[in-house]
Amino acid sequence: FLGVDKFIDCLRPPKIDDQRAIEVMTFRFLNDYDSPSCAQCVKFICSVDLESLVEDGPDGYKPVLAHVAAALSEVEAFVLRDHSAQMTSLLQKRRPNLNSDKILTFVRRCVRRQVEAALYLPLRRKILLIIQPFLTRRTFVIQRAMAILQQAPPEFFLVLPQASIAMSLTRAVKMFRDLSIAYLPADQGQ
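Report on the accompanying structure.

Reading the values: rules and limits
- Residues numbered from 1 in each chain as written.
- Predicted model: local features only at pLDDT ≥ 70, side-chain atom pairs only at ≥ 80, totals over all residues.
- Heavy atoms only, no water.
- Helix = DSSP H or I, 4+ residues; strand = E, 2+ residues; numbered from the N terminus.
- Buried < 20%, exposed > 50% of the residue type's maximum accessible area, 1.4 Å probe, protein only.
- Contact = heavy atoms within 4.5 Å.
- Areas by Shrake-Rupley, 256 points an atom, 1.4 Å probe, with all protein chains shown as cover.
- Salt bridge = Lys/Arg side-chain N within 4 Å of Asp/Glu carboxyl O.
- Core = buried A, V, L, I, M, F, W, Y, C linked by side-chain atoms within 4.5 Å.
- Axes fitted to C-alpha atoms, helices over the stretch in contact; angles between N-to-C directions.
- Nonpolar A, V, L, I, M, F, W, Y, C, P; charged D, E, K, R; others polar.

## Considering the overall build of the chain
Looking only at helices and strands, one finds seven helices and zero strands in the chain. Taken from N to C terminus, the helices and strands of the chain fall in the order α-α-α-α-α-α-α. Residues counted as buried form 25% of the 190 residues belonging to the chain. Sequence-distant contacts, at least 24 apart, represent 69% of the contacts inside the chain between residues at least 6 apart. Total accessible area on the chain is roughly 14000 Å²; 60% of this is exposed by carbon and sulfur atoms.

Printed below as a string of structure tokens:
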């Protein structure tokens, strides 16, 4: 009795939304081992040597990201070339009021999301291990700057000392309003 709603959903499952329908279709194309789209993904993932693309310098990781971005675009174009007609017709049946440009944009976004998942997820560890040393230096610089800013007095941020020691937020807001009205010309005070 308590689980009857689950059985009803199984008998008549609710309709999935348009985005999920296109993404599920794309997922099947990319993960069906007999499909050319899947073969292209597997070939890229198994053959790519991301470490060899790393360059010297502070932005040495960018060629890795550029290579992955190019592969994403290539697989996306491949899937769209082979399957966009099927996805477009499905979306036209589901949403007859959309024009062809909106349908194409919608399909491309859904395909891109699934292609990113198919290529990036298996490579994410490698990519993060490559990027991490480059970004670690920048992270320390940001952390140092944040520590300095935390120790800065309120005057450094152009906040009057009276506002920083206000007993309540309401008083501080009133003080700022009084200051802005007092210092701004009458036409800008509003």
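There is more to say, and it comes next.
## Here's the deal with the pattern of salt bridges
Two side chains carrying opposite charge are able to pair once their charged atoms lie near each other. Here the structure, examined in full by the defined rule, presents nine salt bridges. Close ionic contact of Glu23 with Arg113 constitutes a salt bridge, the shortest N to O distance being 2.6 Å. Here the residue Glu23 occupies a position in helix 2 (residues 18-31), and Arg113 occupies one in helix 5 (residues 100-151), the gap between them amounting to 90 residues. A relative accessible area of 45% places Arg113 in the partly exposed class. With a closest N to O distance of 3.3 Å, Arg81 and Asp82 form a salt bridge. Relative accessible area serves as the criterion here: at 34%, Asp82 is assigned to the partly exposed category.

## Quick notes on the side chain of Glu76
Relative to the helices and strands, Glu76 is located in helix 4 (residues 62-94). Residue classification places Glu76 among the buried positions, given a relative accessible area of 14%. Glu76 has contacts with Arg108, Val111, Arg112 and Val115, leaving out every residue within four places of it along the chain.

## Let's talk about the nonpolar core
Ranked by internal contacts, the top residues of the largest apolar core, which has 30 residues, are Met87, Val115 and Leu119. Not counting residues up to four positions away in its chain, the partners in contact with Leu119 are Cys41, Phe44, Ile45, Ala71, Leu72 and Val75.

## Concerning the packing of helix 2 against helix 3 (residues 36-47)
At a closest axis distance of 5 Å, the pairing of helix 2 and helix 3 adopts a crossing angle of 65°. On the side of helix 2, the interface is formed by Phe29, Leu30 and Asn31, while helix 3 contributes Ser37, Cys38 and Cys41. Looking at side-chain class alone, the contact of helix 2 with helix 3 contains four nonpolar, two polar and no charged residues.

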